[in-house]
Amino acid sequence: MDKYSILKQYYGHSAFRAGQEALIDAILSGRDALCVMPTGGGKSLCYQIPALLLPGITLVVSPLISLMKDQVAALKSAGIPAAYINSSLTGEQIRTVYARTRKGAYKLIYVAPERLETNSFLSLMQEMDVSFLAVDEAHCISQWGQDFRPSYLGIVDFINALPRRPIVAAYTATATKQVQSDILRLLQLQSPYRIVTGFDRPNLYFDVRRPKNKFSALAALIEERRGRSGIVYCATRAAVERVCDSLCDRGIAATRYHAGLTDEERQQNQDDFQFDRKTVMIATNAFGMGIDKSNVSFVIHYNMPKSLEAYYQEAGRAGRDGENADCVLLFAPADVETARFLIENGGADQLSEEDAALVRKRDYERLQAMTGYCKSVDCLRGRLLDYFGQIHPANCGNCSNCKATYQTEDITLSAQMILSCVMRIRERLGYYVGKTLVIQVLRGSRDQRLLSLGLASLSTYGLMDKTSPSVIERYIEYLESAGYLEVDQRYSTLRPTKKASAVLFDGECVLMQKRVEPKTEKKRPRGAFSDEFEENSLYEALRAQRAELAKRESVPAYVIFSNATLADMAEKAPRSLSELLEVSGVGERKASRYGEAFLRTIEEYIQQQG
Ligand code: ADP
Ligand code: MG
C-alpha cells in the first residue's frame with residue numbers, strides 16, 4: 001500500500017493538500033520534522049499516514065482527552081487500528097489496551113504527555129518497536145505560547161529512555177518564530193524537515209463590527225444562522241453566563257464552557273455541542289484547543305481576544321470542512337481595557353520579575369497588533385497574513401473591509417484641534433493623558449477631575465463642544481491608525497508622533513476613510529451547501545440519514561461524513577457503490593459501512609421527485 005491509496009481508501013481524499021505530501025515523504029525517509037500549518041490545514045494526516053506505512057507503533061502525544069477520543073473514533077471508523085490511553089479510562093481498560101498493544105493490535109496510540117512519565121507505560125514502550133513519535137499541538141512546550149503545558153517538557157526524557165530513538169515530528173498552528181525555535185530546541189529535533197504552509201483560509205469570511213449594543217448584534221447574527229453550529233467567545237466567565245442565559249431565553253439551543261464549571265458539566269456541555277444537540281457554544285478561551293468539530297459554521301468574538309495568534313486560532317475553528325464560514329469580531333473600545341487588565345493581572349506568578357516583565361512586554365505588543373486589526377480599514381485577511389509573515393494580494397474581496405464602501409472625509413481641522421489639545425495638556429501637567437480626558441477637555445466638560453487639574457483654562461478647552469464624544473473618539477482612533485498619535489499600551493496615554501507636526505505646523509491635510517455601514521444586513525452569497533439547499537433537498541435527506549447513523553453509533557455526525565462530503569454527494573447523487581467512491585471524503589471502509597444506507601436515501605429521494 002502506498003500513501004496515495006491510503007489517502008483514497010481510508011480517507012476518501014483524492015489529492016494531498018499543499019505541503020502534506022512532502023512532509024510525509026520526509027518522515028518516511030527517516031527525518032525529524034516540524035510542521036506549522038493553520039488550524040484546519042490537515043496536520044493529522046501528516047502523522048497518521050506515516051504511522052500506517054512505518055513498521056511498529058506510532059505514538060501521538062496530544063494535550064486533550066476530548067481530542068484523542070474523537071480522533072481515535074474517526075480513525076476506527078475509517079478502519080485504522082488505533083487506541084488512546086488517558087485518565088478517562090479505568091485501570092481495567094488501561095490493562096486491556098496494554099495487553100492488546102503487546103499483541104501488536106494498534107498502529108497508532110494517542111497519549112497525554114503525563115502518561116509518558118509513568119513507569120508502566122515506559123516499560124511497555126521499551127518492549128515495543130516505536131518507530132515514530134508525533135507531538136501534536138507542539139506549541140504547548142513553549143512558555144511563550146498560549147497554552148504552556150509543563151509535562152510537554154518531559155517528552156525528550158521519554159524519547160531518550162527508549163532503546164532506539166524514533167523519528168520525531170512536531171505539529172502546531174502557532175507560527176511565531178519564538179515558539180518555533182522553542183519547539184526545535186526543547187524537543188531536540190535532529191536536522192528536521194521544516195514546513196510552514198500558507199496561513200490563508202480562503203473559505204473564512206472575516207468581519208469586524210462595532211455595534212452600539214453588542215448583545216442585540218450578537219442575537220441578530222445568531223438568528224440569521226439558526227440551526228448552524230457556531231462558537232461565541234467571551235472574555236470572562238461572567239460574560240459567558242450572561243450571554244448564554246440571554247440566548248437561551250430567546251430559544252436558541254446554546255450551552256456554555258468555562259473553567260468555573262465542574263468537570264462533569266464541562267464534559268456534558270462539550271458533548272452536547274459536539275453531537276449537535278446544542279448548536280451554539282458560548283465559551284471563554286478555555287474552550288477549544290483540540291476541538292476538531294469540522295462543521296462549525298461561525299465563530300463570533302463577543303470581546304476582542306488578547307492577541308492575533310489567539311484570534312486566528314479561535315476563529316480558525318470555523319469552516320474546517322472547507323465550507324464557507326464566518327468569523328465575526330464584535331469590537332468595543334472597552335475590550336482594550338479588559339485585555340489590559342488581563343495582562344496586568346495575568347498568571348505570570350511562577351516567573352521571576354525579569355521574565356514577567358518580558359512576558360508583559362510581549363503581551364502588550366500582541367495587544368497592539370490585535371487592536372490594530374479591529375481598527376483597521378485595510379483588508380482584514382491581509383492584516384492577519386502580514387502578521388504571520390505571509391505575502392498576499394492587497395485586497396482579498398472576502399472580508400468586511402473589502403466589501404465595505406468608504407467615504408473620504410477631510411478632518412484636518414479636527415485633527416489640528418485634537419493634536420494641539422494633547423500637547424497643551426502635556427505642557428500644563430507635565431505628562432500625557434488618555435483619550436477620555438482629551439475628549440472631555442475638547443468638549444468643555446465640567447468634570448471634577450478636569451477642573452481640579454486646571455485644564456478648563458486651556459485654549460483648546462471647549463473647542464469641539466458641538467461634536468459628539470463618539471465622533472471625536474473615531475477621529476482619535478483614525479489619527480492613531482494613520483500614525484499621527486501613539487498609544488502607550490500599558491497606560492493607554494496618547495502622545496503625538498513626528499508625523500503630527502506636519503499637520504500642526506505645515507498644513508498637512510488629514511483625510512479619513514470612513515466606512516459606510518450598510519443600513520440592513522446584506523445577505524452574502526453563500527456556497528453550495530447552505531442556503532441553496534431547501535428543506536426538501538437531497539442534501540437535507542442525506543443529513544437526516546447521517547444524523548440517524550450518528551445516533552445509532554453514538555458518534556458525532558462529522559465522524560461519519562463531513563458536510564462538505566454530503567454536499568458533494570448531493571451534487572453527484574451516486575447510484576452505485578463505485579459511483580459513491582467518487583465522492584470526495586468517501587473511502588472504502590466508510591463506503592462499505594455506510595454506503596448502503598446513503599445509496600438508499602438517494603434512491604428514495606429520486607423516486608419521490610418522480
Ligand atoms: P489540523 O491541521 O487543524 O489538525 P485536521 O487534520 O483536523 O486539521 O484536518 C482538518 C480537515 O481537513 C479534516 O476534516 C480533514 O478531513 C480535511 N483534510 C485533510 N487533508 C485533506 C486532503 N488532502 N483533502 C481533503 N481534505 C483534507
Ligand atoms: Mg489537529
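Here is what the cut-offs are and how they apply
Residues numbered from 1 in each chain as written. Chains lettered and ligands numbered in written order. Predicted model: local features only at pLDDT ≥ 70, side-chain atom pairs only at ≥ 80, totals over all residues. Heavy atoms only, no water. Helix = DSSP H or I, 4+ residues; strand = E, 2+ residues; numbered from the N terminus. Rg over C-alpha atoms; globule rule 2.2 N^0.38 Å. Buried < 20%, exposed > 50% of the residue type's maximum accessible area, 1.4 Å probe, protein only. Contact = heavy atoms within 4.5 Å. Areas by Shrake-Rupley, 256 points an atom, 1.4 Å probe, with all protein chains shown as cover. Lys, Arg positive; Asp, Glu negative; His and termini not counted. Charge placed at Lys NZ, Arg CZ, Asp CG, Glu CD. Axes fitted to C-alpha atoms, helices over the stretch in contact; angles between N-to-C directions. Parallel < 35°, antiparallel > 145°, perpendicular 65-115°, else oblique. Left-handed = near helix turned anticlockwise from the far one by under 90°. Nonpolar A, V, L, I, M, F, W, Y, C, P; charged D, E, K, R; others polar. Near = heavy atom within 4 Å. Polar contact = N/O pair within 3.5 Å; in protein donor to acceptor, adjacent residues only side chain to side chain. Pairing = 2+ DSSP bridges. Right-handed = clockwise from strand over helix to strand, strands pointing away. Domains from an automatic or database assignment. Buried area = accessible area lost by both parts, 1.4 Å probe. Salt bridge = Lys/Arg side-chain N within 4 Å of Asp/Glu carboxyl O. Disulfide = S-S within 2.5 Å.

## A word on the overall build of the protein
Within the protein, the regular secondary structure consists of 26 helices and 17 strands. For the protein, whose C-alpha radius of gyration is 27 Å, the value lies close to the compact-globule estimate of 25 Å for 610 residues. Its C-alpha atoms put the protein at 85 × 65 × 45 Å along the principal axes. In the protein, which comprises 610 residues, the proportion classed as buried is 54%. A fraction of 72% describes how many contacts in the protein between residues 6 or more apart in sequence connect residues 24 or more apart. For the protein, the exposed area adds up to about 27,200 Å²; of that, 49% sits on carbon and sulfur atoms. Computed over 77 positive and 74 negative side-chain charges, the separation of the two mean positions in the protein equals 2 Å.

## A short note on the packing of helix 2 (residues 20-28) against helix 3 (residues 45-53)
At a minimum axis distance of 9 Å, the contact between helix 2 and helix 3 shows a crossing angle of 40 degrees. Between helix 2 and helix 3, the angle falls in the class oblique. Here the hand of the crossing between helix 2 and helix 3 comes out right-handed. Across the interface between the two elements, Q20, L23, I24, I27 and L28 from helix 2 touch L45, C46, I49, P50 and L53 from helix 3. Along the lines of polarity and charge, the residues of the contact of helix 2 with helix 3 split into 9 nonpolar, 1 polar and no charged.

## Considering the site of ligand 1
Around ligand 1 sit 14 residues, and of these A15, G40, K43, S44 and R320 come closest. Contact between ligand 1 and H13: a nitrogen atom at 3.4 Å from a side-chain N or O atom of the residue. A distance of 3.2 Å is found between an oxygen atom of ligand 1 and a side-chain nitrogen or oxygen belonging to R17. Burial of ligand 1 by the surrounding chains reaches 79%, relative to a free accessible area of 580 Å². Of the residues assigned to the shell around ligand 1, the class counts are 4 nonpolar, 7 polar and 3 charged.

## Describing the pairing of strand 13 (residues 325-330)
Most of strand 13 is tucked away: 6 of the 6 residues are buried. Side chains of strand 13 alternate between two faces, with A325, C327 and L329 and D326, V328 and L330 buried alike. In terms of strand pairing, strand 8 (residues 204-209) meets strand 13 through 6 bridges, oriented parallel. By the bridge assignment, V208 is partnered in strand 13 with L329. Judged from the 4 bridges that link them, strand 12 (residues 298-301) and strand 13 form a sheet pairing that is parallel. Its bridge partner lying in strand 13, I300 is registered against V328. Of the crossover connections in this fold, the one passing from strand 12 over helix 12 (residues 308-315) to the parallel strand 13 is right-handed.

## Examining the sheet that holds strand 12
Think of a sheet as strands paired side by side through backbone hydrogen bonds, with each pair either parallel or antiparallel. Judged by pairing direction, the sheet is parallel, and its 6 strands sit side by side in the order 8-13-12-9-11-10 without closing on themselves. Edge positions in the sheet fall to strand 8 and strand 10 (254-257), since each of these pairs with one other strand and no more. Across the sheet, the mean angle from the axis of one strand to that of its neighbour is 15 degrees, orientation sign disregarded. Across the sheet, helix 10 (residues 237-249) is in contact with strand 10 and strand 11 (280-283); its angle to strand 10 comes to roughly 170 degrees.

## Quick word on the packing of helix 17 (residues 412-429) against helix 20 (residues 469-481)
Each pair of packed helices can be described by the angle between their axes along with the distance between the axes. Their axes nearest at 10 Å, the elements helix 17 and helix 20 cross at an angle of 80 degrees. The pairing of helix 17 with helix 20 is recorded here as roughly perpendicular in orientation. On helix 20, the residues that touch S414, A415, I418 and L419 of helix 17 are I472, Y475, I476 and L479. For the contact of helix 17 with helix 20, the class distribution of residues is 7 nonpolar, 1 polar and no charged.

## Thoughts on the environment of A82
Along the chain, A82 turns up in strand 3 (residues 82-85). On the basis of relative accessibility, which here comes to 3%, the residue A82 falls in the buried class. It is 9.8 Å that separates the C-alpha atoms of A82 and T101, two residues lying 19 residues apart in sequence.

## Digging into the domain arrangement of the protein
Annotation of the protein at the domain level lists domain 1 (3-196), domain 2 (204-402), domain 3 (412-509) and domain 4 (531-609). Averaged C-alpha coordinates put domain 2 and domain 3 at centres separated by 32 Å. Contacts between the two partners involve 10 residues from domain 2, matched on the other side by 10 residues from domain 3. Both faces combined, the contact of domain 2 with domain 3 buries some 940 Å², and carbon together with sulfur accounts for 40% of it. Looking at the side of domain 2 facing domain 3, the largest losses of area belong to R210, R340 and K375, adding up to 48% of the total buried there. Where domain 2 packs against domain 3, one counts 3 salt bridges.

## Examining the sheet that holds strand 6 (residues 167-172)
Ordered in space as 3-4-2-5-6-1-7, the 7 strands form an open sheet in which the pairing is parallel. On the outer flanks of this sheet lie strand 3 and strand 7 (193-196), each paired with one strand and no other. For this sheet, the mean inter-axis angle between neighbouring strands, taken without regard to orientation, is 15 degrees. The strands touched by helix 5 (residues 91-102) are strand 2 (57-61), strand 3 and strand 4 (108-111); relative to strand 3, the strand with the most contacts, the crossing angle is about 135 degrees.

## Description of the environment of S14
Summarising the element assignment, S14 is placed in the loop between helix 1 (3-11) and helix 2. When the C-alpha positions of S14 and A404 are compared, they lie 37 Å apart, and in sequence the two are 390 residues distant. Ignoring any residue separated from it by four or fewer positions in sequence, one finds S14 in contact with L7 and K8.

## Notes on the state of the cysteines
Evaluated as defined, the whole model comprises 0 disulfides. Cysteine C244 shares no disulfide, and the gap to the nearest cysteine sulfur, in C248, comes to 4.2 Å. On the accessibility criterion, C244 (5% relative accessible area) is buried.

## Observations regarding the side chain of R340
Looking at where R340 falls in the secondary structure, it is placed in helix 13 (residues 334-344). Filtering out sequence-adjacent residues up to four positions away, R340 remains in contact with Y364, L367, D488, Q489, R490 and S492.

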